[in-house]
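This is what each chain is made of:
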Amino acid sequence: MDKIKLRHISIVIVALKLLLIAVVLIKYLPEASVEDLTFNSTFFWFLLAGFLAQIVDGALGMAYGVTSNSVLLGFGLSPRLASAAVHTAEVFTTGVSGLSHIKFGNFSKALFLKLIVPGVLSASVGAYLLGSVIDGDFIKPFVSLYLIVLGAIIIAKAFKKKTLKESNLKKAPIYALFGGFLDAVGGGGWGPIVTSNLIKEGHTPSTVIGTVNTAEFFITYFSAGILIYFTGIQSWQIILGLILGGTLAAPFGAYIAKRLPVKTMMITVGVLIILTSLFTLSKIIF
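Keep in mind it's a predicted model, so treat the numbers as computed, not measured.

## Digging into the overall build of the protein chain
The number of helices and strands found in the protein chain is 11 helices and 0 strands. Taken from N to C terminus, the helices and strands of the protein chain fall in the order α-α-α-α-α-α-α-α-α-α-α. When the accessible surface of the protein chain is split by element, carbon and sulfur atoms take 72% of a total near 13000 Å².

Shown next as structure tokens:
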């Protein structure tokens, strides 16, 4: 029964990715100009950025959306277009990453089922609001401050001798509710919020990272679908570079997550959260 359920999840991921590819090819690709599909240095830079970001995201369960979104905002894209681009790319990267984590055994069905419904619902609401109502920049500084504190707590937890067993998942839906919404609105945040809080409580990092990454596919899928409806597909070279680089890197990230010691992973996660959050704050202030 366990294998059947995991196989079902894998089949759904592949089917949804094929559906998105079909929609893009039929509806949006004919609208692209020749310049959009001329691969220059921008494409290769974002291919490298996507590869490196996904290595980190796959290994530590966070930072792909946060780092990619920050780079896109730096390129001058609006928060709405940046979030649409990042989530479109993440549909492909998180799909491969999720399948890789399932293969390497970094997965908990109980946790996955706790995350998927509230995460998808809140992400859909957030994407709709970003696409039609609000500016995602407003909430970013508050999220960044929260994540800095969270990163410090995780680092402190890494030096404690005992950690809790993976048994209490009562708060997981709450984390998914906030993580999904803020991820859609801010262009990233699912991993830092959900992964960080679950690791902070003492759950096994590799299992948390793999499961949160797999659930992230469904969160990004619905976010991307709604945002594409409002914005269409723009910045083709950036999106394709992120997709290809991230897809190539995804299996390596899942392998690293399986091999890293728990203490090393927790310290690395904490430091990464603090650094990316400080970078986001610096972009807002300066």
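Next comes the rest of the write-up.
## Looking at the packing of aromatic side chains
Summed over all chains, the structure comprises 6 aromatic pairs. Ring geometry for Phe217 against Tyr221: centres 5.8 Å apart, planes inclined by 40°, an arrangement best described as tilted. Linking Phe217 with Tyr221, this pair stays in helix α9 (residues 205–231), spanning 4 residues, or about one helical turn. Under the relative-accessibility criterion, Phe217 is labelled buried at 0%. Of the residues examined, Tyr221 reaches a relative accessible area of 13% and is grouped as buried. Through successive ring pairs, a cluster of aromatic residues spans Phe107, Phe112, Phe217, Phe218, Tyr221 and Phe222.

## A closer look at the packing of helix α7 (residues 172–186) against helix α8 (residues 190–200)
Remark: α7 packs on α8, axes separated minimally by 7 Å, with the N-to-C direction vectors making an angle of 160°. Here α7 is positioned roughly antiparallel relative to α8, judged by the angle of their axes. The two elements α7 and α8 cross, and the hand of that crossing is right-handed. For the pair α7 and α8, contact is made by Ala172, Tyr175, Ala176, Phe178, Gly179, Gly180, Leu182 and Asp183 and by Trp190, Ile193, Val194, Asn197 and Leu198, respectively. When its residues are assigned to classes, the contact of α7 with α8 shows 9 nonpolar, 3 polar and 1 charged.

## Things to note about a nonpolar patch on the surface
Judged by side-chain polarity, Val14, Leu18, Ile21, Leu25 and Ile26 come together as a nonpolar surface patch covering roughly 470 Å² of accessible area. Checked against the element boundaries, Leu25 lands in helix α1 (residues 2–28).

## Re the nonpolar core
Grouped together as the largest cluster of nonpolar side chains are 60 residues, with contacts concentrated most on Leu115, Trp190, Leu198 and Phe218. Of all the elements, α9 adds the most residues to this core, at 10 residues. Discounting chain neighbours no more than four positions away, the residues touching Phe218 are Val12, Ile13, Leu16, Phe112, Ile116 and Val120.

## A word on α7
Structural remark: α-helix, 3.6 residues per turn; residues separated by three or four positions point the same way. With 15 residues, α7 extends 20 Å between its outermost C-alpha atoms, agreeing within 8% with the 21 Å of an ideal straight helix rising 1.5 Å per residue. Restricting attention to buried positions, one finds in α7 the residues Ala172, Tyr175, Ala176, Gly179, Gly180, Leu182, Asp183, Ala184, Val185 and Gly186.

## Section: the packing of helix α5 (residues 109–132) against α7
Following both chains from N to C, one finds α5 and α7 inclined at 30°, their axes separated by 7 Å at the closest point. The angle between α5 and α7 falls in the class roughly parallel. Pair α5 / α7 crosses with right-handed handedness. Touching Leu111, Lys114, Leu115, Pro118, Gly119, Ser122, Ala123, Val125, Gly126, Ala127, Leu129 and Leu130 of α5 are Ala172, Pro173, Ala176, Leu177, Gly180, Phe181, Ala184 and Val185, all from α7. Considering only residue class, the contact of α5 with α7 consists of 15 nonpolar, 4 polar and 1 charged.

## Quick look at the environment of Ser196
Relative to the elements of secondary structure, Ser196 occurs in helix α8. Overall, the relative accessible area of 0% leaves Ser196 in the buried class. With 42 residues separating them in the primary sequence, Ser196 and Ile154 have C-alpha atoms 7.2 Å apart.

The rules behind the values
Within each chain, residues carry numbers counting from 1 in the order of the written sequence. Selection of residues for local features in this predicted model requires a pLDDT of at least 70, selection of side-chain atom pairs for listing and counting requires 80 or more, and totals for whole chains, interfaces and linings are taken over all residues. Hydrogen atoms and water are omitted, and side-chain values are computed over all heavy atoms in the structure. Helix and strand assignments follow DSSP, with helices taken as H or I runs no shorter than four residues and strands as E runs no shorter than two, numbered in order from the N terminus. For the accessible areas, the method is Shrake-Rupley and the probe is 1.4 Å, while residue cover comes only from the protein chains on display. Any pair of Phe, Tyr and Trp rings, taking the six-membered ring for Trp, is counted once the centres come within 6.5 Å. Such a pair is stacked with planes under 30 degrees apart, edge-to-face with planes over 60 apart, and tilted for the rest. Accessible area is worked out with a 1.4 Å probe on protein chains only. A residue is then buried under 20% of its type maximum, exposed over 50%, and partly exposed in between. To define axes, lines are fitted to C-alpha atoms, for helices over the stretch in contact only, and angles between the resulting N-to-C directions are given on a 0 to 180 degree scale. Any angle between 65 and 115 degrees counts as roughly perpendicular, while under 35 counts as roughly parallel, over 145 as roughly antiparallel, and the rest as oblique. Left-handed describes a crossing whose near helix is turned anticlockwise from the far helix by less than a right angle; the clockwise case is right-handed. Residues are treated as being in contact if the distance between any of their heavy atoms lies within 4.5 Å. Only Asp, Glu, Lys and Arg are considered charged, only Ala, Val, Leu, Ile, Met, Phe, Trp, Tyr, Cys and Pro nonpolar, and every remaining residue, Gly among them, polar. Residues forming no salt bridge and having over 30% relative accessible area are the ones grouped into patches, like charges within 9 Å of each other and nonpolar side chains (Val, Leu, Ile, Met, Phe, Trp, Tyr) within 5 Å. Any Lys or Arg side-chain nitrogen located within 4 Å of an Asp or Glu carboxyl oxygen qualifies as a salt bridge. Here the nonpolar core consists of buried residues drawn from Ala, Val, Leu, Ile, Met, Phe, Trp, Tyr and Cys, with membership extended through side-chain atoms lying within 4.5 Å. The span expected for a helix works out to 1.5 Å for each residue beyond the first.

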